[in-house]
Structure formats: structure tokens, C-alpha cells
Amino acid sequence: MATAAVVGVTTGVMKPLLSKLTKLLEEEYVKLKGVRKQIKFLRDELSAMSATLEMLADAEELNPQTRKWRDKLRELAYDLEDCIDAFMVRVDHEHDGHSGLFKRFFRKLKKLRPRHEIANQIQELKPSVIEASERHKRYQLVDISSNSRSTCAVDPRLSALYVEIDKLVGIDCAKKYITEWLTMETKKASSSELKVLSIVGCGGLGKTTLANQVYKDDKSQFSCAAFVSVSRTPDVRKVLRGIAKGVGITSNMLDDDEKELIDKLREHLQDKRYLIVIDDVWDAKPWETIKLALMNNNCGSRIITTTRSNDVASYLSSQGGNVYQMKSLSFEDSKRLLFKRAFGSENLRYTHLGTAPDEILKKCDGLPLAIITISSMLADQHAKGEWDSVLNDIGSSLAKNPGAENMTAILSMSYFDIPHHLRSCLLYLSVFPEDYEIEKQCLINRWIAEGFIHKEKGQNEYEIGERYFNDLINRSMIQPLIVKYGQVKTCQVHDIILDYIKCKAAEENFVTSLDAAEPVYTSEYKVRRLFVSNDNEENVTLWADQILSHVRSVTIFGEPVKISLLPSTPLRVLDQRSMQNHHLASIGKLFNLKYLRLCSRSITRLPETVGELHHLQTLDVRGTCIEELPRTITELQQLTRLYVDWYTRFPEGTIGKMHSLEELRKYGVKSYGQAKSIQEFSKLTKLRTLKIRCDFHTLNRSEGRSQAERIHSYVGNLLSSCNLHHLIYTNVWDSITVYPLPLHSWHPAASCSIRKLCIERIPIYRVPNWMGSLGNLGVLELEVMCVRPEDVEILGEIPSLVFLNLDTWGGTSGRIVFPGNNGFRSLKQFSLCIKFCGTSLEFEAGSMSNLEHVKLQFSAHDMECLNGASSLGIQHLSSLNKAEIEIGSDWHEYDVDYNPVEDDHDDTARCISRAINAAIETLPNRPTASFKIQEVDCKHFESFLREWNQYHDGLFNEWLKLWQIREEPANQPTDGETELEDETHEKEEEEQTDEEETSEEEVARQDDTGSSN
């Protein structure tokens, strides 16, 4: 069973090879005598053997003879593909070096050395192909059957699974035990002593989940708290930095050594009662260093650790601490978890499935990870035959070998349920270290560079990669970490699954993982993909050149590692986190390179030779000190994704020449001269994602305001001239210091392709009418200075809007109302931040009928801050599943996990919290609710706008009228004056209304005139 993964990945190697052989036959430059015939022979022979590989791909056990044939064929396929790639790159390079006539080039090509070299290499490899073919026939491999099953459908409740993934069933008793231990210890005479509790159990039992739940629930009882992971190969400095950051140390610690970090922590914690959770401790050695920082200050501090080793647990808790032995789930809890993950419900009445669920759970033996893996395969599978098939696939090994081997068998079964094209993608995760937060964007771009993504009609490679990624999440093979606007941004691989896939990747020579301190490589096969972890302080040199002559991917984490890469290497991916300028001297010779990521502050420039990387698709230089890209960047005609820091400049005139660019993050604008380059983006017809970050706050200068308007105009034109899908327009400074964006002057067509529009830290006067007709817009982020009823109406008209993030300073007449008029019919998630006091918020009956998640942030120092509102009408959000409420008040402590049910304080913020919580409890879906209370200054938004306008010499006079914000009276009326005021009040209101209508018409007229100019 251990060698089974090889086949699936071997199939992945064979398919691109056959495609390249076919393409090679179609090209003119293989008409050298004999070469075409030999290539056709190779393609035909390999095609015949590829069919057998397809059948073998799902055989979990192979005899040694078959396994050896498969391994040899895999390596042969690698060598042949390298040979073809090298030939094609050399020919293309020669072609790029000639600007003469195309036909003349092909006539001269017959005399070029590459043709003769590929002929010689094919001649050398041909006997190996013949031998493999003969063995294929001699061993009668075609008769081997497959035990493959059809893959399960993608769970349509993918977003719901994100929420459930870290809410394991059956931990309430364990959590209660540990919480009571924390509480009871406080009552003892020795409560002031530092205590350690160790949670111990085998991998996959939910130790980390339990510790995290206790941490979230109980950290508010302590002065400060931190949660860190150690992992099997710990970086003690990183752990100490994590603790320091968690407990509130804000100084720069990047260059501190262990002693300096320990000293800082001891000084900071000397008079504080702290709670520290240290997750995943594998041995006692790192603990010896970490515990030096966690001094016994006699303040009642507590430490919780998790480990897989009983010996380590006993040692960590030897000083009067406690060991909690993690238990497997009970049978009933296991059943609840199985059905919740498989069907989205804890309903246990699925009698039509017979005894299959019970038999499966017996084999899972209460291991949560195993249950999650199986339930993912059975998601929405209601047919009894599917459950019986899973039960039969598990076999008898679980019953005979309880413990960790059971989980391995289940993981193996889950692995073979994955389609062939996803297996390479899964094994590729072994190039990342334990506990590493993997960027989805980075991962998918690497999959593309490696050739794992197969193009499909109607979708680009990245969109297909996202589907692969979501499929792996759905199968619980990777865990989502950060989810924003319904999209997973980062993920992580569970240690148990990572151990499994690392083993598989090594067995089939897919990835070679090495510790730089002991770079021992004994395999008979060449290194194809290399992952190096270097925790040493000094540079390390790895091997001789010939060992790396066929490496396709190099990923290095930690300190610098010196690796000599030959120009002929088939290297496609280079991800170095610790390089320096001189390491890039020969970068232009890596002709096959498709993905280059450099993340080192020691790199200050890219060499001009980077322009020779004609196959480069992704360039990521974020985290470097590169101030300007080389002009040769325009020679990268296959570059589709470019990631730079906002301070990195582009040479003048280069942007418009990058015709293949599909994504750019993030283009920085620090001057008006740079802003002119924004117009060049309109020449990039393939550009789909653009992030622009500006650096200006020039409200107090007419020249600066004029420049800001022009920059805004340039950005707005992109919506009309480009096929952008995602536009993120942000500013460095706080929105209060930024010149407002005249968004109403933009004029995109109703058919505009924009799907995501995020305008961050740049306020707008009002929501433009054209926004309501954007039929493709699904994500919108805005900051509206003063929300009018008309703004709410326009936003509600956007037909496909699913995620809305709205910041505002206040509302017209001190009110923001969301009416029940069938607006926001597609909205699922809504975030609203009201930055100043003086605005009431109300959701009317029938409003936002499909809203599932609401996040509200406002201030409530007294009832005037909310104009008398209390529950906000949240009881009318009938589909709500989750509510997050953050309230600003005069309270001097930041209460992260405030529970309104358990609090009897009568200040306004807490009264409002209880009213909102009571309203939430009336909703049918029983939404989860979280409350935070923090100290903020009380500032009325109308007063602020008047002061703000006065400071800028009346720049916004007309807008204040439009927002119905009157001038503040110079003197308060006396009692004698009140009667006279009452008599004339109605007349003044009528005049004011007429004046406001005239003002709005005048503002609109000015806007139109300004936009035409």
C-alpha cells in the first residue's frame, strides 16, 4: 500500500509528455532526417503504456515487479520531457535572438546544433523505452484491475464547511475539565505559582482544537495571552517572537536572538498574569529554552501545552502541573460528527443506510480526523450503495491494527478517492514546512508553472486552479485559515495529512525534502523537486551540480542555501526567501523558469538579464527592497502575474508593453508623474486584476486637489477601457486626510465586467447612480462620507451583490435605514462601520432577506450616539446565521469576548448589547453572536463635518447642504425667543427644503461639468 501514490503521479507525468511529443511532430523544426520517425515511435510506445498506467493508478497494492516497472517508466518520462523542453527552449531562444525573416530562420534551423543534440538524446533514450515496452508486454500488466471509485460531488455547502471545520463535536467535557482546572487552581493556596497543563494524545484527536477553544474562552481572565505552535522541527526564535507579539510587545524583534527575546519577555511579563498555549510540542529540548522566558512571577499565570508524547507531557507538567489524556470521541458524538459533515445536520435518523454508518464509525475508532475524512467522501451521498462501497474499501486493516495505523489506512483511502489530476496538486503541498500558512494565490501559480493545471474551454488556468483548490478543501485534505468575501485566502495542511503526503511524495520521487543541516540523499533516482529547510545561522552548500541537473522546482525556507544551478536545468519554479543580489547574477540562464519568487530584504535590484526568462509567467518580488524594475521587464512576453510592493517603480513607458499581464498587485502612485502611467493599463486587454495604492493627502492645497481629481479620473477610465474583473483602489493615509473621490464622475457601461470593486481609505461624497446597474458586481467595498436614503436605494439595486463592506461617518438627518423594499436580494454578508456618533441604524421588516452574516461597528457612549436606537431591527434579518457586534464606549478596557447575558452593568454600550442579543435570539436560525466593546472618543459626525469643512475653508459647503447638515447656530435661544422660533419654524423648513433641492441640482450640475472637463 505504501507505494500506491506513485502511479497517480506517474500518470500526471505521462500526459504532458505525450502532448509535447504530439506538438513536436506538428512543428517544422523536427524535420531533420530520422528525428521525426523516432519521436513518432516514442509517442506510440508511450501511449500504449499510458493506458496501463491509467488502470494501475487506483491499485493500492502492486507486486514488486510491477512497481519497479512503473518507477522506471516514471523516470524515463521525466527525462524525455526534460529533453524536449531543453530543445524547444533553445530553438525559441535562437528565434528570439533573430529579428530577421521567419522563413529564413527555419531554413537555417536545419544546420543548428539543437536538432542534432535532440536526435542524439532520443537515440540514447530509445532503448529504455523499448525495454519498458517489452516488460509491459512480458508482465501482462494490462490484466491488472483497478479498484477505483467515482469521486464524490463537490459539496455545495462549501462555505458552511469553512465554519464547521474547527468545531469538532464532543469536546465540551474536555473543555469544561480544563476550564475548571484553571478556575479551581485560582482558589488554592498555591494559585499564585506558575502551572502547566499538558494535553496529550495521538495525532488527529483534536488537541489543538481543544486548546484553542479553551484559549478563546478563558484568555479574558488574564492580563495577556498568546497562542503559538512549535512543530516537529521548531524555530525557537519564531516561537518566542510569536509569544512576544501575542502578549503585547510591539518593538521590532526580527533581528533579536534567543537571549534578547527571553530578556524582553521576562521584563514584560514580570508583573502580569498571563496565559500561554504552546501547541504541538514534539520533544523537551525546545521547551528548555522557551520556559526561560515564561518566568514564575507568582501572579497565577498558566501554560497549556499539547503533545503526542506521554513522556514529553509528563516532563512539561512535572513541576506540580497536570496531564490531560485526550480521549477519542464517544460513539454518539462520532455519529453526530459524521452526519453533520456528510449531510449538514446532526439528525441521526438515516435508517435507510442500514448498519453501514455504524460499521464505518467502528473502524474510525473515534478519531475526529478520520471521521472528517470519510464524511467528506460521503458528502450528500444518500444512496446506501455508496456507504457500503466506502465500508468495503476500508477493508479489514482497521480492525486488526488499532491506533495510528487506522488513521493512516483511512487517509490512504481518502487519497485514492481523489481524481488523478488532483493527486499531484495534493502531494505538491509537501514543499511547505509544518504549520506554514500557505497563500492560495502562491500555491495555484506554482501548480500552473509545474504543469498540473489542464486547460479547459471557457476558463483560464487560474480559475481551474481555484476549482482544484476548493475541491481539496471540500475533501478536508487542506484546512482554510483566512476567508474573505467567500474566498479562502490562506490554508494549512494538518500535520497528520502533511506527514502522509510527505511520505508519498518521497516514495515516488515527486518531492525531495531535506534538512540543510544533514543534506543526505541516497535515492537511486534524480532529484526532481527540492524542498530545503535551513534553520542554521550560517550559509549551507548543497551537493555537486550534477545532482541538481534535472531539478524542476527549488523551494528554500530559512537561512541562505548555496545551490549551483546549471543553465541547462529544467528548473520551472524557484522560491527563495533568503537570497542576495549576487545570487541573481546568472538568473537569465534559467531559460525554463516559469515562476520566480524572491522574498528577501537583501535584494535591492533585479538584473537586466531577467528579461531573458522568456517563459516566465509569475514574478513575485514582494518583501524585497527593489525600488525600480529593470526596463527589460517588457521582454517577458509570457508574464501574466506580477506582484510587487507599492513603492516599486516601473520605468516610464513599460506598463503598456506588458501585453500578457492578467494580474498586477500592487501599483504604487507616489506622485502625479507616476499617476500618468495609470493610463497605460488601458492597453492591456488581458488585465483582469489590478490593485493600485496611492500616497496623497492634499486636501489643503488646490493644486494637490486638482492632481487627486486627475488620478481618480485615470482610475475611473479603466472601468470603461479595460475588461477588469477585480479593481482594488486604496490609499496609504487615513480617509479623513484624503481628498474625496468623485465616483459619480466615472461612467462605466452597464455591461462592465467588474466583479469586485474595493475602494479603501478613499471616501466618496455619494453612491453614483450607475453603480446600481452593474450586473456582474459581487463584491463592493466603499466609504461614503454621509449615507443618504438615495445611496441605500442604489446599493440595494445591484443585482448580483453578495458581499458589501460599507464604512461611513454618519447618515443624513442622523439616520441610516435599510427598508424592506426587496433591495439587496442577493446579499449574503454585510459589514457596516459608522465611524462617528450621532447616527441611528435600523433594519426594517423584510430588509436584506437573504443576509446570513452581519458585522456592525458603531459607538454608544449614551443613547444620543445612536439617536435613541437600541436593537437596530436585527430581529428582521430572517436568514441571519452569524452576527459580529463591536461597540465603542467610555469603558476603559477592551472586552474582546463580551457576553451580554452574563453582564448586569447598566452603561449604554452594555444595555445596547443586551437589546441586540435579545433580538438575535428571536431569529429562527439561532445565529451565533459575538460582542466586543472598546474605548473610543465620543465625536458627533455633524459637528466633525462642520469643523472639517471650516478647516478646509468651506470646500464642502454645497455637500453639507445636500447632506442636510445645517450651520451651527452662533447663540442658543433664550426662553423668550423660543415662541418666536416656533412661529417661524415651519416657514424656515419649507425654505430650507427648496434650498436643498436647488443645492443638489447645482452639485450634480457641477459634477457633470467637472467630469466633462
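Residues numbered from 1 in each chain as written. Predicted model: local features only at pLDDT ≥ 70, side-chain atom pairs only at ≥ 80, totals over all residues. Heavy atoms only, no water.

## Re the nonpolar core
Phase 1 of the analysis: In terms of nonpolar packing, the biggest core is built from 114 residues, with Ile 678, Met 771 and Phe 830 touching the most fellow members.
Phase 2 of the analysis: For this core, the element with the most residues is helix α24 (residues 702–721), which contributes five residues.
Phase 3 of the analysis: Those residues within four positions of Ile 678 in sequence are excluded, and the remaining contacts are Tyr 667, Val 669, Ile 692, Ile 711, Tyr 714, Val 715 and Leu 718. (Core = buried A, V, L, I, M, F, W, Y, C linked by side-chain atoms within 4.5 Å. Buried < 20%, exposed > 50% of the residue type's maximum accessible area, 1.4 Å probe, protein only. Helix = DSSP H or I, 4+ residues; strand = E, 2+ residues; numbered from the N terminus. Contact = heavy atoms within 4.5 Å.)

## With respect to the environment of Leu 514
Phase 1 of the analysis: By the secondary structure assignment, Leu 514 is in strand β9 (residues 512–515).
Phase 2 of the analysis: The exposure class of Leu 514 is buried, given its relative accessible area of 8%.
Phase 3 of the analysis: With 20 residues separating them in the primary sequence, Leu 514 and Asn 534 have C-alpha atoms 8.8 Å apart.

## A word on a negative patch on the surface
Phase 1 of the analysis: There is a patch of like negative charges on the surface, built from Asp 235, Asp 255, Asp 257, Glu 258, Glu 260, Asp 515 and Asp 535.
Phase 2 of the analysis: Along the polypeptide, Asp 255 turns up in the loop between α9 (236–246) and α10 (258–269). (Patch = residues over 30% accessible without salt bridge, like charges linked within 9 Å, V, L, I, M, F, W, Y side chains within 5 Å. Areas by Shrake-Rupley, 256 points an atom, 1.4 Å probe, with all protein chains shown as cover. Salt bridge = Lys/Arg side-chain N within 4 Å of Asp/Glu carboxyl O. Lys, Arg positive; Asp, Glu negative; His and termini not counted. Charge placed at Lys NZ, Arg CZ, Asp CG, Glu CD.)

## What to know about the packing of α9 against helix α11 (residues 285–293)
Phase 1 of the analysis: Packing of α9 against α11 leaves a shortest axis separation of 10 Å and a crossing angle of 30°. Taken together, the axes of α9 and α11 are roughly parallel relative to one another. The handedness of the crossing between α9 and α11 comes out as right-handed. Counting all contacts with α9, which are made through Val 236, Val 239, Leu 240 and Ile 243, the residues of α11 involved are Pro 286, Thr 289, Ile 290 and Ala 293. (Axes fitted to C-alpha atoms, helices over the stretch in contact; angles between N-to-C directions. Parallel < 35°, antiparallel > 145°, perpendicular 65-115°, else oblique. Left-handed = near helix turned anticlockwise from the far one by under 90°.)

## Re the pairing of β9
Phase 1 of the analysis: Only one face of β9 is buried, namely the one carrying Thr 512 and Leu 514, since none of Ser 513 and Asp 515 on the opposite face is buried.
Phase 2 of the analysis: Where β9 lies against strand β10 (residues 529–534), four bridges are found, and the strand directions are parallel. For Thr 512, the partnering residue across the bridge sits in β10 and is Leu 530. (Pairing = 2+ DSSP bridges.)

## Comments concerning the packing of α10 against α11
Phase 1 of the analysis: For the pair α10 and α11, the least separation of the axes is 7 Å and the interaxial angle reads 40°. Taken together, the axes of α10 and α11 are oblique relative to one another. Contacts between α10 and α11 involve Glu 258, Ile 262, Leu 265, Arg 266 and Leu 269 from the former and Thr 289, Leu 292 and Ala 293 from the latter.
Phase 2 of the analysis: Taken together, the residues that form the contact of α10 with α11 break down as five nonpolar, one polar and two charged. (Nonpolar A, V, L, I, M, F, W, Y, C, P; charged D, E, K, R; others polar.)

## Re the confidence of the model for the protein chain
Phase 1 of the analysis: In the predicted model, the protein chain carries a mean pLDDT of 78, and the fraction of residues at 70 or more is 76%.
Phase 2 of the analysis: Counting contacts from residues 395–404, a segment whose pLDDT is below 50, to residues more than four positions away or on other chains yields ten contacts. (pLDDT = per-residue confidence, 0-100.)

## A closer look at the sheet that holds strand β5 (residues 322–325)
Phase 1 of the analysis: One open sheet accounts for five strands, arranged β2-β3-β4-β1-β5; its pairing is parallel. At either end of the open sheet lies a strand with only one pairing partner, and these are β2 (224–229) and β5. Within this sheet the neighbouring strands show an average axis-to-axis angle of 15°, counted without direction.
Phase 2 of the analysis: Strand direction decides the pairing type here: β2 and strand β3 (residues 274–281), joined by six bridges, are parallel. Along β3, the bridge assignment pairs Val 228 with Ile 278.
Phase 3 of the analysis: Set on the sheet, α9 makes contact with β2 and β3; between it and β2 the angle comes to about 155°.

## Concerning the pairing of β3
Phase 1 of the analysis: When you tally the buried positions in β3, you get eight out of eight residues, the bulk of the element.
Phase 2 of the analysis: As paired elements, β3 and strand β4 (residues 302–307) share five bridges and run parallel to each other. Within the sheet, the bridge partner assigned to Ile 278 lies in β4 and is Thr 305.
Phase 3 of the analysis: Read as a crossover between parallel neighbours, the route from β3 over α11 to β4 is right-handed. (Right-handed = clockwise from strand over helix to strand, strands pointing away.)

## Quick notes on unusual backbone geometry
Phase 1 of the analysis: A cis amide bond links Arg 665 to the next residue, Lys 666, at an omega of -10°.
Phase 2 of the analysis: Within the secondary structure, Lys 666 is located in strand β18 (residues 663–669).
Phase 3 of the analysis: One non-glycine residue, Tyr 485, lies in the positive phi region at around 55°.
Phase 4 of the analysis: Mapped onto the secondary structure, Tyr 485 falls in the loop between β7 (479–484) and β8 (487–492).
Phase 5 of the analysis: Look at Phe 824: it is not a glycine, yet its phi comes out positive at around 55°.
Phase 6 of the analysis: Along the chain, the position of Phe 824 falls in the loop between β24 (815–818) and β25 (829–834).

## Remarks on the sheet that holds β7
Phase 1 of the analysis: Strand order in the open sheet formed by three strands is β6-β8-β7, and the pairing between neighbours is antiparallel. Strands at the two margins of the open sheet, each flanked by one partner only, are β6 (438–439) and β7.
Phase 2 of the analysis: Bridge analysis of β7 against β8 gives five bridges, and the strand direction is antiparallel. From the neighbouring strand, Pro 480 faces β8, where its bridge partner is Cys 491.

## A closer look at the state of the cysteines
Phase 1 of the analysis: Counted by the stated rule, this structure contains zero disulfides.
Phase 2 of the analysis: Of all cysteine sulfurs, the one in Cys 491 lies closest to Cys 442, which takes part in no disulfide; the gap is 9.9 Å.
Phase 3 of the analysis: We classify Cys 442 as buried; its relative accessible area is 4%. (Disulfide = S-S within 2.5 Å.)

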